[in-house]
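Understanding the architecture of this molecule
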Amino acid sequence: GAGVSQSPSNKVTEKGKDVELRCDPISGHTALYWYRQSLGQGLEFLIYFQGNSAPDKSGLPSDRFSAERTGGSVSTLTIQRTQQEDSAVYLCASSPLNTGELFFGEGSRLTVL
Amino acid sequence: SQQGEEDPQALSIQEGENATMNCSYKTSINNLQWYRQNSGRGLVHLILIRSNEREKHSGRLRVTLDTSKKSSSLLITASRAADTASYFCATDARSNYQLIWGAGTKLIIKP
C-alpha cells in the first residue's frame, strides 16, 4: 500500500491486559512517530524513531508503555497492564528525512473496559 | 503541554461561505503546519509555512503567518460540505521533529 498502515483499527480490551498496536510506515520514510489522541483533543507525542538513532521516548506516559521499530520499518507500540485512562486513538505517522510533513495512518482506537 | 491554540474551538457556516481559523503559539518557530482530520480518521497534511514566509496558497486554502504576533490563520474559501472536519495547527517550537499540536477547530459546513 502507498500509505501508513495501522492495525488493529479497533481494539477493546479488559483492564489489566496487554495490547500491541502495529504501524507499517511508508516505504523509505526514515522517521516514525507515535501519538495519542483523546476524544476531542489534540495530539500527545509519545515516541519518535529516526533511522538507526536511539528513539526519543520522552513522551511515553509511564513504564507500561514501550515501542520498538524493527529493521527501520515496522513499529509496535505495547501497552502493558492497560488502564481505563489508556483509552484513546493511537496514531502513527511517518516522514521522509527533514521535510517536516507527517503522513498519518488511520489510527488504532483502543477502549479499555 | 500544548503550545498551539486554535480558535474558534468550533465553527459552523453555510456552504459557499469562507471559513477562517486562527492558531497562536508562544515561542519562536521554524515552521508551522496545518492538518485536517475527518471524523474518526487520520490527519492529512494541508500546508507548511516557514517562519520567513508571510502567506502561502494551495487551491482554496490560504495560510498567513505573523511571527511578530506569534499567530497564523487558515482561510478556506468557497467552503464545501466535504470541508467538514477538524483542523489542527502544529509548530516545531520544541525541536525540529517533535511538533506541538493545538486542540483543533471543529468546522461544520451546512448544506
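What this report covers is the structure whose coordinates are included nearby. Positions within a chain are numbered from 1, following the residues in the order the chain's sequence is written. To read the labels, note that chains go from A and ligands from 1, taken in the order they are written. Totals for whole chains, interfaces and linings use every residue, but because this is a predicted model, local features are given only for residues with pLDDT of at least 70 and side-chain atom pairs only at 80 or more, for both listing and counting. Side-chain descriptors were evaluated using all non-hydrogen atoms of the structure, hydrogens and water having been removed beforehand.

**Section: the interface of chain A and chain B**
The cut-off we apply is this: Two residues qualify as a contact provided that any one of their heavy atoms is within 4.5 Å of a heavy atom in the partner residue. A 1.4 Å probe defines the accessible area here, and the buried area is the portion of it lost by two parts on being joined, summed over both. The working definition used for a salt bridge is a side-chain nitrogen of Lys or Arg within 4 Å of a carboxyl oxygen of Asp or Glu. Counted as a polar contact is a pair of N or O atoms within 3.5 Å, where, for protein atoms, one must be capable of donating a hydrogen and the other of accepting one, and residues adjacent in sequence contribute only when both atoms are in side chains. By the criteria applied, helices consist of DSSP H or I runs no shorter than four residues and strands consist of E runs no shorter than two, each listed in order from the N terminus. Under this grouping Gly is polar, as are all residues other than the nonpolar Ala, Val, Leu, Ile, Met, Phe, Trp, Tyr, Cys and Pro and the charged Asp, Glu, Lys and Arg.
Each partner contributes residues to the interface: chain A has 21 residues there, and chain B has 17 residues. Both faces considered, chain A and chain B share a buried interface measuring about 1500 Å² in area, 49% of it formed by carbon and sulfur atoms. Considering only the surface of chain A that becomes buried against chain B, Leu43(A), Phe104(A) and Glu106(A) emerge as the three largest contributors, covering 30% of it. Across the contact surface, chain A and chain B share one salt bridge. When the shortest N-O distance is used, the salt bridge between Arg41(B) and Glu106(A) registers 2.5 Å. Across the contact surface, chain A and chain B share seven residue pairs in polar contact (both at pLDDT 80 or more). At the level of secondary structure, the elements contributing two or more residues to the side of chain A that touches chain B comprise strand S4 (31-37) and strand S5 (43-50) of chain A. Considering each element in turn, the side of chain A that touches chain B owes the most residues, four residues, to S5(A). Taken together, the residues that form the side of chain A that touches chain B break down as eight nonpolar, eight polar and five charged.

**Re the environment of Ile29(B)**
All names here are of chain B. Looking at the element boundaries, isoleucine 29 is found in the loop between strand S3 (19-24) and strand S4 (31-37). It is 25 Å that separates the C-alpha atoms of isoleucine 29 and arginine 60, two residues lying 31 residues apart in sequence. Other than its neighbours up to four places away in sequence, isoleucine 29 contacts Ser51, Leu65, Thr91, Asp92 and Ala93.

**Considerations on the pairing of strand S7 (residues 75-79) of chain A**
All names here are of chain A. Our working definition: Each residue's exposure class comes from its accessible area (1.4 Å probe, protein chains only) as a fraction of the maximum for that residue type: buried when under 20%, exposed when over 50%, partly exposed otherwise. Pairs of strands are assigned from DSSP output, requiring at least two bridges between the strands.
In terms of burial, S7 is a largely internal element, four of the five residues being buried. Where strand S3 (residues 19-24) lies against S7, five bridges are found, and the strand directions are antiparallel. Looking at the pairing, arginine 22 lines up with threonine 76 of S7. Inspection of the sheet shows strand S6 (residues 65-69) paired to S7 by five bridges, in the antiparallel sense.

**So, the pattern of salt bridges**
With the rule as written, the count across this model stands at six salt bridges over all chains. Salt-bridge contacts for Arg36(A) lead to Glu44(A); the nearest nitrogen and oxygen are separated by 3.0 Å. Note on Arg36(A): relative accessible area 11%, which makes it buried. Residue classification places Glu44(A) among the partly exposed positions, given a relative accessible area of 30%. A salt bridge links Glu55(B) to Arg62(B); its shortest N-O distance comes to 3.3 Å. Its relative accessible area of 40% is what places Glu55(B) among the partly exposed residues.

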